Amino acid sequence: MSNSGALSFVTNVGGRIQKRAVKSTVEQYEKYHDRHGGDEETRKANANDMINKYYDLATSFFEYGWGESFHFANRYKGETLRESIKRHQHFIALQLGLKRGMKVLDVGCGIGGPLREIARFSLAYVIGLNNNEYQISRAKELNRLAGLSESCKLVKGDFMDMPFLDNTFDAAFAIEATCHAADLAACFKEIYRVLKPGHCFAAYGWCLTDHFDPRNEKHRKLKADFELGSGVPDIGTTSHSLEALKLAGFEVVWGRDRALDSPVPWYLPLDTSQFSISNFRSTAIGRWITRSMVSLLEYVGLAPAGSARVHSVLELEADTLAEGGREEIFTPMYFFLARKPLSKS
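Positions within a chain are numbered from 1, following the residues in the order the chain's sequence is written. In keeping with the predicted nature of the model, local features appear solely for residues at pLDDT of at least 70, side-chain atom pairs appear and are counted solely at 80 or more, and the whole-chain, interface and lining totals rest on all residues. Side-chain numbers here rest on the full set of heavy atoms in the structure, without hydrogens or water.

A. Seen up close, the overall build of the chain. In terms of helices and strands, the chain carries 12 helices and seven strands. Rg of the C-alpha trace for the chain: 19 Å, near the compact-globule value of 20 Å for 345 residues, within the 12% margin. Overall, the chain is about 65 × 50 × 45 Å in size when its C-alpha atoms are taken along their principal axes. Considering the chain as a whole, with its 345 residues, one finds that 56% of them fall into the buried category. Contacts in the chain between residues far apart in sequence, at least 24 positions, make up 77% of those at least 6 positions apart. Where helices and strands are cited, they refer to DSSP runs of H or I of at least four residues and of E of at least two residues respectively, numbered from the N terminus. Values of the radius of gyration come from C-alpha atoms, whereas the globule rule sets the reference at 2.2 Å times the count of residues to the power 0.38. Residue exposure (1.4 Å probe, protein chains only): buried if accessible area is under 20% of the type maximum, exposed if over 50%, otherwise partly exposed. Should any heavy atoms of two residues lie within 4.5 Å, those residues are counted as being in contact.

B. View of the sheet that holds strand β2 (residues 125–130). Spatially, seven strands are ordered β3-β2-β1-β4-β5-β7-β6 in an open sheet, and the strand pairing comes out mixed. Strands at the two margins of the open sheet, each flanked by one partner only, are β3 (152–156) and β6 (251–257). For this sheet, the mean inter-axis angle between neighbouring strands, taken without regard to orientation, is 20 degrees. Where helices are involved, their axes are fitted lines through C-alpha atoms of the stretch in contact, as for all axes, and angles between N-to-C directions lie from 0 to 180°. Packing of helix α5 (residues 81–96) onto the sheet brings it into contact with β4 (169–175), β5 (195–208), β6 and β7 (330–339), and relative to β5 it is tilted by some 150 degrees. In this analysis, strands are considered paired if DSSP registers two or more bridges between them.

C. Highlighting the layout of surface pockets. Cavity means a closed set of points on a 1 Å grid over the protein atoms alone, one where a 1.4 Å probe fits but cannot get out, pocket means an open set with protein on both sides within 12 Å along at least 5 of 7 lines, and lining means a residue has an atom within 4 Å of a point. Grid points are joined across faces, edges and corners, and a volume is the space filled by probe spheres set on the points. Approximately 350 Å³ is the volume attributed to the second largest pocket. Forming the boundary of the second largest pocket are 19 residues, of which Thr-209, Asp-257, Ala-259, Leu-260 and Glu-328 lie nearest the centre. Elements represented by at least two residues in the lining of the second largest pocket include exactly β6, α12 (307–327) and β7. Of the residues forming the lining of the second largest pocket, the biggest block, three residues, is contributed by β7. The class makeup of the residues in the lining of the second largest pocket is eight nonpolar, six polar and five charged. Here the nonpolar group is Ala, Val, Leu, Ile, Met, Phe, Trp, Tyr, Cys and Pro; Asp, Glu, Lys and Arg are the charged ones; every other residue, Gly included, is treated as polar.

D. The packing of helix α9 (residues 217–230) against α12, seen in detail. Running from amino to carboxyl end, α9 crosses α12 at an angle of 140 degrees, the nearest separation of the two axes being 8 Å. Our classification of the angle between α9 and α12 gives oblique. For the element pair α9 and α12, the recorded crossing hand is left-handed. Of the residues in α12, those touching α9 at Lys-218, His-219, Leu-222, Asp-225, Phe-226, Leu-228, Gly-229 and Ser-230 are Val-313, Leu-314, Leu-316, Glu-317, Thr-320, Leu-321, Glu-323, Gly-324 and Glu-327. Per-class residue counts for the contact of α9 with α12 are seven nonpolar, five polar and five charged. Should an angle fall under 35 degrees it is taken as roughly parallel, and over 145 as roughly antiparallel, whereas 65 to 115 is taken as roughly perpendicular and any remaining angle as oblique. Crossing handedness is defined as follows: a turn of the near helix away from the far one that is anticlockwise and smaller than a right angle gives a left-handed crossing, while the clockwise case is right-handed.

What follows is the structure, given as structure tokens:
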């Protein structure tokens with residue numbers, strides 16, 4: 001159901017951006033980041049514009065190379081990447097106790113891979129919130145093709161200012177999405193507002209680990225390149241996530257870096273020294289084929305000008321994540337379960 005065909009994915013580069021504007025858009029996007037003269041303050045002040053540009057440019061690449069769920073997973077030996085991704089999603093559903101009749105919010109839902117799987121697994125009604133028009137349109141189409149349009153709904157909106165009434169949802173979750181927030185505590189406060197009292201929010205988040213050393217030049221460069229490659233204003237630490245939850249009013253039930261429970265390194269699919277048939281497009285050969293194909297199709301005019309430059313940004317991301325994973329300074333799966341307290345009488 002994904003845009004897996006080569007021609008299909010390259011012609012969709014840019015999402016809702018006019019094809020003639022793809023090149024200038026990627027140049028504008030790059031200027032938000034340290035490598036191209038940008039800074040954290042500018043990224044945070046223009047977070048919506050930066051993140052929308054990023055996902056307009058990157059979504060078709062992600063869908064082609066990774067599938068419908070744009071996230072990593074802790075992984076056991078003998079388990080495929082796709083199997084681990086589904087189990088990762090089921091874990092959230094189980095931690096939240098999702099079941100038929102519950103109304104659940106997916107905060108920053110991408111093209112809806114996790115919300116569809118969680119709706120199928122739990123029988124809950126899942127609403128995906130996303131501020132990117134192209135991703136919303138793809139998610140709606142994929143919901144239709146999966147026969148899930150009745151149990152999965154998409155809403156366009158900003159997770160810093162959600163278009164929902166207070167105390168609307170029985171549960172909420174986010175998977176590698178809230179790292180895009182310019183103010184994490186403010187984002188969590190919005191989730192707190194729309195969640196019913198006594199109910200829970202669970203998330204996997206991108207964080208810096210305790211191994212990150214801000215005095216280490218290599219670590220600082222990896223952090224900056226991560227923010228460029230991932231559309232993130234400023235990646236925070238695991239302790240920052242917990243502090244933001246408490247500032248928002250949540251009670252933290254538990255939290256742990258699930259990468260510590262992963263016998264297979266989470267970044268292995270991006271390690272070009274490895275070869276995998278099931279994840280061929282992320283191998284060194286697969287990436288070379290994609291790079292060559294994108295350059296050729298751009299040259300003959302079938303892909304918009306700037307497509308190869310977008311691909312180079314995403315290759316930088318892949319290399320940065322793999323190196324940051326080996327250095328153990330990043331995790332994509334700091335998990336927490338947090339509860340909104342019951343209202344005081």
